[in-house]
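# Coordinates in review
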Amino acid sequence: MNAKKVLFYKTLNSYNSHSIPNHNVNTLINGTVRDIYSNIEKPFLKAIKYDYPEFDRWFNKTLDQNRKCYFYEKDSDIAALLIYNIEAPKDHQLDHISDKALKLCTFKVSNEVKGYKLGESFIRESFKIAVKNNLDYIYLTVFPKHESLISLLTKHGFVNHSKNKKGELVYIRHLMSLPTTYNINLFTSSNGCFNIY
């Protein structure tokens, strides 16, 4: 593993969880899409379907592949969801990138849990997954209307790489671009608490 990645991973792992709100740390669930299937007709996943007409077909594919995810539940429904997948170059088809990449397939936080810092937690976990799997790139696609997500991504070093045929922006984070002095302040303010986005 590259020395930069080792430093980055050690820094993430040494981060004190007491600076993350308890409602976040204790209830962010690491599972698979099968764990959330019972919510398919509830408001959170229905809202995703609104943006993605092919959602049902895609979600069935993720079930077949038993893709991994992180999610947060509130009031018997999902309130935040990150589904991810490690993709080969033939699958991600990112220009000028011939390595595997971590795709954040679904990254959504409902308005009722804004301020819980779940987006920041999802980004931190995605960085850990990439480093653990020796991946240099993390990417996702997002429609331009999702301004708060785009703001969060850019604050954490994601850059707009391209635009796909559906009109989604492709944002990429290259982990090897981290400076050797990189530290967890990416996620925290000077008082040790997460910044509010």
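### Structural notes on the sheet that holds strand β2 (residues 68-74)
Here 7 strands make up an open sheet; going across it, the order is β1-β2-β3-β4-β5-β7-β6 and the pairing mixed. Each end of this open sheet is capped by a strand with a single partner; those strands are β1 (29-32) and β6 (159-163). Looking at each pair of strands side by side, their axes are set apart by 30 degrees on average, direction ignored. Where β1 and β2 come together, 4 bridges link them in antiparallel fashion. Considered in β2, the bridge of G31 is made with C69. Helix α6 (residues 118-132) contacts β2, β3 (77-87), β4 (101-109), β5 (137-142) and β7 (169-174) of the sheet and is inclined by roughly 165 degrees relative to β4.

### Notes on the environment of S162
Relative to the helices and strands, S162 is located in strand β6. Given the relative accessible area of 26%, S162 is considered partly exposed. Along the chain, S162 and T141 lie 21 residues apart, while their C-alpha atoms are 9.4 Å from each other. Other than its neighbours up to four places away in sequence, S162 contacts E168, L169 and V170.

About the cut-offs
- Residues numbered from 1 in each chain as written.
- Predicted model: local features only at pLDDT ≥ 70, side-chain atom pairs only at ≥ 80, totals over all residues.
- Heavy atoms only, no water.
- Pairing = 2+ DSSP bridges.
- Helix = DSSP H or I, 4+ residues; strand = E, 2+ residues; numbered from the N terminus.
- Axes fitted to C-alpha atoms, helices over the stretch in contact; angles between N-to-C directions.
- Contact = heavy atoms within 4.5 Å.
- Buried < 20%, exposed > 50% of the residue type's maximum accessible area, 1.4 Å probe, protein only.

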